[in-house]
Amino acid sequence: MQSNKISNFITCTKPYVYSSHFLTFSTDLSSTLQPHILKKCIALLQFFSSSPPKLKQIHGFSIRNGVPLSNPEFGKHLIFSYVSLTLPMSYSHRVFNQIQDPNIFTLNTMIRGYAESENPTPAIQIYKQMHVSSILPDTHTYPFLLKAIAKSMAVKEGEMIHSITIRNGFHSCVFVQNTLLHMYAACGLAESAHKLFEFMSERNLVTWNSVINGFATNGRPNEALTLYRKMSLEGVEPDGFTMVSLLTACAELGALYLGRRVHVYIFKVGLHSNLHAGNSLIDLYAKCGSIWEAHAVFDEMERRNVVSWTSLIVGLAVNGFGENALELFGKLERERLIPSEITFVGVLYACSHCGMVDEGFEYFRRMREEYGIPPKIEHYGCLVDLLGRAGQVQKAHNFILSMPVKPNAVIWRTLLGACMIHKNLTLGEVARAELFTLEPKHCGDYVMISNLYASEGRWSDVHDVRTTMLRKGVKKAPGHSLVELRNCVHEFFMGDKSHPQTEEIYEKLEEMMMKLRLEGYSPRTSNVHADIEEEEKEKNLSYHSEKVAIAFALINTSPGTPIRVVKNLRVCGDCHLAIKLISKVYGREIIVRDRSRFHHFRDGLCSCKDYW
């Protein structure tokens, strides 16, 4: 009954035009304000807080009845209503600017609103305004503020706020500490987040999730899994967010079997219908080279969003199934879904790894003209890669020079990689000069130009590059390969002899090389970029980390079992040839994930069709 009365009252009031101009009308009517009108307006705001049209009518009613926005009590309720509905913050800020002496509740509401908006930066300014006005923050201020800082990646401000929370006695509040953890993790400072975690006397599930996710999303998957085990031992029950972080860590490591256990747990606790969990499972299986399991998860999802479609499109592309990726993109369009900029990165990537130059540029045109998506540096990078892989290195360089955005290090590095593959030393030196200006200590750039010189037999230039690396303290990242066995990830380096099974592994390597030679294998010594004897080059090739990892897997897995290897560098031409033959000789499917894509080896063939 009460609901009908209020609803009728609102409906009978004359609708007020929603415009920014009315915000200046109310202050002149303050002298006529009746207390019961103010109370009625506040009551109406609270009752209709979930209806934007009703809120606008209430606001119009308040103006006609002399309720000023400068009134702190009315202003705070109005702002709270609009922020709760996640409406544009520009409107809330205009209201906020007219409130005389806003209280801590209003200030916290504004900080929260900006923290949840696309532009969180003004939240920091409002906090500074609090400080100038000598308004003391409370336990709600810092969680909202730190969320805004995390979103804007403002590390220095975050560290400053951390110091202030300690000084003001909020450092022991678990809610403040949790948002500090989240802030450090979101800004890429996983180690700082972990240090704070270690000092916390009180922890809850959010605490564990924040630090686990911090490691998982910042390239520290082993630490994420270690913390999860510790969390389990302390009896803390995980939730969907924990599972998503675990899946991220498993995907980074290529730990398929552990990821499958997480999948079983998700199903067991009823999280299989969770959209975020489903998308993470697609990502896991795609990054572990089990692309058809990723497709099965996609097919079984009760609800999908563009992220679901994009994850599978990208997964198909990086696994070497570009045609399937483009076919899926066609289905997405037929479903009348709007692809995102990331979707088009996947589409262009698929074209790049299939050598579809004309098709790639056509999709690029459609992205801009049909979907109105402005190209970002990632899209331009895909087109440079598309031209470079196709051997059109000069066109790739011309395209870079014509780009409307300034090329970054990744763009020039892509060109340098193409120059190395296609032996174009002239443009390689151009790319190197740009890279040494943009990122003078990136070890991979030195290695690529050194290898390019070596391929031309210019050993004095190779020596100069390596001398420069020593002088500047640039260290080459060693190649390593990972293999998962019984929920444990084993790491191998070139010529690695630290593993407990070293003797067996190298005996298997000798057997592998002997069988490969019987199949006609001849080592591609041109892939050894060192001025050494031919025999030494052959020995060097046989000890590459992926070969060592495959030998280990052959010893420790049953015949016919697929072998999965994760390599941190690009697979060299010799290893690619050798693994094709190993898959044939031993009757194994071998999936190798290198730094840019997957290679599915089976029966002496590779899914990349020798185009990678």
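See the structure above.
Predicted model only: the values in this text are computed from it and were never measured.

**Some words on the overall build of the chain**
Then comes step 1: A count of helices and strands for the chain gives 31 helices and 6 strands.
Then comes step 2: Evaluated residue by residue, the chain yields a buried proportion of 51% over its 612 residues.
Then comes step 3: Put simply, the chain shows about 29100 Å² of open surface, and 54% of that area lies on carbon and sulfur atoms.

**Focus: the environment of glutamate 116**
Then comes step 1: Within the fold, glutamate 116 resides in the loop between α6 (104-115) and α7 (122-132).
Then comes step 2: Spatially, the C-alpha atoms of glutamate 116 and serine 84 are 10.0 Å apart, while their sequence positions differ by 32 residues.

**Considering the pattern of salt bridges**
A pair can form between side chains of opposite charge whenever their charged atoms are brought close.
Then comes step 1: Per the counting criterion, the structure on display carries 24 salt bridges.
Then comes step 2: Arginine 366 is paired through a salt bridge with glutamate 333; the nearest N and O atoms lie 2.4 Å apart. Residue arginine 366 is located in helix α21 (residues 357-369), and its partner glutamate 333 is located in helix α19 (residues 322-334); the two are separated by 33 residues in the primary sequence.
Then comes step 3: Overall, arginine 366 belongs to the buried group, its relative accessible area being 15%.
Then comes step 4: In this structure, glutamate 511 and lysine 508 form a salt bridge, with 3.1 Å as the shortest nitrogen-oxygen distance. Here glutamate 511 pairs with lysine 508, and both are found in helix α28 (residues 502-518), just 3 residues apart, close to one helical turn.

**Comments concerning empty space enclosed by the protein**
Then comes step 1: By the definition in use, this model includes 2 cavities of 30 Å³ or more.
Then comes step 2: By volume, the largest cavity amounts to about 40 Å³.
Then comes step 3: Secondary structure elements with two or more residues in the lining of the largest cavity: β3 (563-567) and β4 (590-593).
Then comes step 4: Element by element, the count of residues in the lining of the largest cavity is highest for β3, at 3 residues.

**Concerning the environment of valine 83**
Then comes step 1: Its location among the elements puts valine 83 in helix α4 (residues 72-84).
Then comes step 2: Residues valine 83 and methionine 110, spaced 27 residues apart in sequence, show a C-alpha to C-alpha distance of 7.5 Å.
Then comes step 3: Apart from the residues within four sequence positions on either side, valine 83 is in contact with Met89, Ser92, Thr109, Arg112 and Gly113.

**What to know about helix α25 (residues 425-438)**
Then comes step 1: Spanning 14 residues, α25 covers 20 Å between terminal C-alpha atoms, matching the ideal 20 Å at 1.5 Å per step.
Then comes step 2: Within α25, the full set of buried residues consists of Leu425, Leu427, Gly428, Ala431 and Leu435. Across the axial projection of α25, the buried residues extend over an arc of 150°, all falling on one side. For α25, exposure combined with an orientation more than 90 degrees from the buried face picks out Thr426 and Thr437.
Then comes step 3: Looking at the buried side of α25, the elements it contacts are α23 (393-402), α24 (409-421) and α26 (443-455).

**A look at the side chain of threonine 106**
Then comes step 1: In this fold, threonine 106 is placed in helix α6.
Then comes step 2: Ignoring any residue separated from it by four or fewer positions in sequence, one finds threonine 106 in contact with Lys76, Ile79, Phe96 and Ile99.

**A few points about the sheet that holds strand β1 (residues 480-485)**
Then comes step 1: Sheet architecture is open: 6 strands sit in the order β2-β1-β3-β4-β5-β6, paired in mixed fashion. The outermost strands of the open sheet, each flanked by one partner alone, are β2 (488-493) and β6 (605-606).
Then comes step 2: Two elements, β1 and β3, share 2 bridges in a ladder whose sense is antiparallel. Pairing of serine 481 across the sheet is with lysine 567, part of β3.
Then comes step 3: Docked against the sheet, helix α31 (residues 573-585) engages β4, β5 (598-602) and β6, running at close to 40° with respect to β5.

**Quick word on helix α9 (residues 155-167)**
Then comes step 1: Between its terminal C-alpha atoms α9 stretches 19 Å, which fits the 18 Å expected from 13 residues at 1.5 Å a residue.
Then comes step 2: Looking only at α9, the buried set comprises Gly158, Ile161, His162, Ile164 and Thr165. Within α9, the buried residues cover an arc of 165° as seen down the axis, which keeps them to one side. What points out from α9, more than 90 degrees from its buried face, is the exposed set Lys156 and Arg167.
Then comes step 3: The inward-facing, buried residues of α9 abut α7, α8 (141-152), α10 (174-186) and α11 (190-199).
Then comes step 4: Residue glycine 169 follows α9 closely and has a positive phi angle near 85°.

**A word on the side chain of serine 545**
Then comes step 1: Along the chain, serine 545 falls in helix α30 (residues 545-556).
Then comes step 2: For serine 545, a relative accessible area of 3% corresponds to the buried category.
Then comes step 3: Of note is the side chain of serine 545, whose polar atom sits 3.5 Å from the side chain of glutamate 546.
Then comes step 4: Those residues in contact with serine 545, other than ones at most four positions away along the chain, are Gly479, His480, Ser481, Phe492, Phe493, Met494 and Lys567.

**A few points about the packing of helix α17 (residues 291-300) against helix α18 (residues 306-318)**
Then comes step 1: Two numbers describe how α17 lies on α18: the axes approach to 10 Å, and their chain directions differ by 165°. On the basis of the axis angle, α17 is roughly antiparallel to α18. As α17 runs across α18, the sense of the crossing is left-handed. Residue-level inspection shows Ile291, Trp292, Ala294, His295 and Phe298 of α17 in contact with α18, the latter providing Ser308, Trp309, Leu312, Gly315 and Leu316.
Then comes step 2: For the contact of α17 with α18, the per-class residue count stands at 7 nonpolar, 3 polar and no charged.

**Some points on the packing of aromatic side chains**
To describe a pair of aromatic rings, one takes the distance between the centres and the angle between the planes.
Then comes step 1: For the structure on display, the rule yields 15 aromatic pairs.
Then comes step 2: Seen in terms of ring centroids, tyrosine 127 and tyrosine 142 are 6.2 Å apart; in terms of plane orientation they differ by 55°. Their pairing is tilted. Taken together, the positions of tyrosine 127 in helix α7 and tyrosine 142 in helix α8 put the pair 15 residues apart, joining distant regions of the chain. Both residues of the pair, tyrosine 127 and tyrosine 142, count as buried.
Then comes step 3: Geometrically, the ring pair formed by phenylalanine 492 and phenylalanine 552 is tilted, given 5.1 Å between the ring centres and 50° between the ring planes. Placement of the pair is phenylalanine 492 in strand β2 and phenylalanine 552 in helix α30, with a sequence separation of 60 residues.
Then comes step 4: Overall, phenylalanine 492 belongs to the buried group, its relative accessible area being 1%.
Then comes step 5: With a relative accessible area of 1%, phenylalanine 552 lands in the buried category.
Then comes step 6: An aromatic cluster is present here, built from Phe329, Phe344, Tyr363 and Tyr371 joined pairwise through their rings.

Conventions used here
- Residues numbered from 1 in each chain as written.
- Predicted model: local features only at pLDDT ≥ 70, side-chain atom pairs only at ≥ 80, totals over all residues.
- Heavy atoms only, no water.
- Helix = DSSP H or I, 4+ residues; strand = E, 2+ residues; numbered from the N terminus.
- Buried < 20%, exposed > 50% of the residue type's maximum accessible area, 1.4 Å probe, protein only.
- Areas by Shrake-Rupley, 256 points an atom, 1.4 Å probe, with all protein chains shown as cover.
- Salt bridge = Lys/Arg side-chain N within 4 Å of Asp/Glu carboxyl O.
- 1 Å grid on protein atoms, 1.4 Å probe; cavity = no way out; pocket = protein on both sides within 12 Å on 5 of 7 lines; lining within 4 Å.
- Points joined across faces, edges and corners; volume = space filled by probe spheres on them.
- Contact = heavy atoms within 4.5 Å.
- Expected span 1.5 Å × (residues − 1).
- Arc of directions from axis to C-beta.
- Pairing = 2+ DSSP bridges.
- Axes fitted to C-alpha atoms, helices over the stretch in contact; angles between N-to-C directions.
- Polar contact = N/O pair within 3.5 Å; in protein donor to acceptor, adjacent residues only side chain to side chain.
- Parallel < 35°, antiparallel > 145°, perpendicular 65-115°, else oblique.
- Left-handed = near helix turned anticlockwise from the far one by under 90°.
- Nonpolar A, V, L, I, M, F, W, Y, C, P; charged D, E, K, R; others polar.
- Phe/Tyr/Trp six-rings, centres within 6.5 Å; stacked < 30°, edge-to-face > 60°.

No statement about biological role is implied by the geometric values presented.
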